[in-house]
Amino acid sequence: MIGFHGCDQSTVDKVVSGEEHLKASKNDYDWLGHGIYFWENNEIRALEWAKELSQRKSSSIKDPAVIGAVIDLGHCFDLTDSAYLKELKSTYDLLVKVSELSGNPLPENEDVDINKSGDLLLRKLDCSVISMTHQLNKEAEQEPYDSVRGVFWEGNRLYPNAGFAEKNHIQICICNPNCIKGYFIPRILDENFVNP
C-alpha cells in the first residue's frame with residue numbers, strides 16, 4: 001500500500017537520499033501506539049497535518065512537506081477487522097482490572113481544543129491499550145505485530161447530521177521499519193487528467 005508522512009522538507013531530503021530513516025514516534029498519546037505514522041493513500045491530509053504542526057512554537061517542522069512510502073503491513077493489528085477490535089476490547093478490560101488492583105487511574109483520551117470540538121487528539125488511553133496488546137502478544141510468544149491500522153473520524157461534520165467529517169482518515173503505525181519497502185517524493189499531478 002501507499003502511505004504518506006508529513007514532516008519537514010529537510011527530513012524528506014535526508015530520508016530520500018538514504019542519509020536518515022524516519023523515526024518512530026514514542027509519545028504517550030499516539031493514537032495507534034509507538035511507531036512510524038503514515039496517512040493511508042492521503043497525501044493531502046499528510047501535508048495539512050505538517051502545516052498545522054509547523055504553526056506550533058515548539059515544532060521542528062519549518063518547511064512542511066510530505067514523503068511517500070511503499071508499505072507492506074506484514075502481520076497487521078488491523079482495527080478495521082472485527083477480530084482485532086475484539087482483541088483490543090479484551091486488552092482494555094484487562095487494563096481496567098490492572099488499574100483497579102494497582103490503584104493507578106486509567107489514562108484518558110483528551111480533547112486538546114479549548115472549544116471542546118470532541119476530537120480526542122491526545123489518545124493516552126488508546127496508546128496504553130495498544131501498547132499493552134503488544135506486550136501481551138510478546139508474553140504469549142505470539143508473532144509480533146508489524147503494524148497497526150485504524151480509521152479516525154476527525155474535524156467538523158461535512159454537513160448537518162453527516163456521518164462524515166472533514167479530516168476523516170485511515171492511519172497506519174509501522175512498528176517494524178522493515179515494512180517500509182521504499183520512499184518516494186510525490187509528484188505534482190498533471191491537472192489535465194483526473195487523479196485516479
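This is a predicted model, so every value here is computed, not measured. Counting of residues starts from 1 at the beginning of each chain's written sequence and follows it residue by residue. Per-residue local features of the predicted model are confined to residues with pLDDT of at least 70, and side-chain atom pairs are confined, for both listing and counting, to 80 or more; whole-chain, interface and lining totals are unaffected and use all residues. Values shown for side chains rest on all heavy atoms present in the structure; no hydrogens or waters enter the calculation.

### Observations concerning helix H2 (residues 43–54)
- Across its 12 residues, H2 extends 17 Å between first and last C-alpha, which sits within 8% of the 16 Å expected from 1.5 Å per residue.
- In this scheme, a residue with accessible area under 20% of its type's maximum is buried, one over 50% is exposed, and one in between is partly exposed, where area comes from a 1.4 Å probe on protein chains only. Numbering of helices and strands runs from the N terminus; a helix is a DSSP stretch of H or I covering at least four residues, while a strand is a stretch of E covering at least two. Within the sequence span of H2, burial applies to Arg 45, Ala 46, Ala 50, Leu 53 and Ser 54.
- Where H2 is buried, its residues touch strand S1 (2–8), strand S2 (36–40) and strand S3 (64–71). Given the number of residues in a helix, its expected span is that number minus one, multiplied by 1.5 Å. Working rule for contacts: check all heavy atoms of both residues, and any pair within 4.5 Å makes them a contact.

### Some words on the sheet that holds S3
- Here 7 strands make up an open sheet; going across it, the order is S4-S7-S8-S2-S1-S3-S9 and the pairing mixed. Whereas interior strands pair on both sides, the edge strands pair on one side only; in this sheet they are strand S4 (76–78) and strand S9 (180–184). Going from strand to strand, the sheet's axes swing by 30° on average, the running direction of each strand aside.
- Here S3 pairs with S9 via 4 bridges, running antiparallel. From the neighbouring strand, Ala 69 faces S9, where its bridge partner is Tyr 183.
- Together, S1, S2 and S3 form the strand contacts of H2, whose direction differs from that of S3 by roughly 140°. Pairing between strands requires that DSSP locate at least two bridges from one strand to the other. Helix axes are fitted to C-alpha atoms over the stretch in contact, other axes to C-alpha atoms as well, and angles between N-to-C directions run from 0 to 180 degrees.

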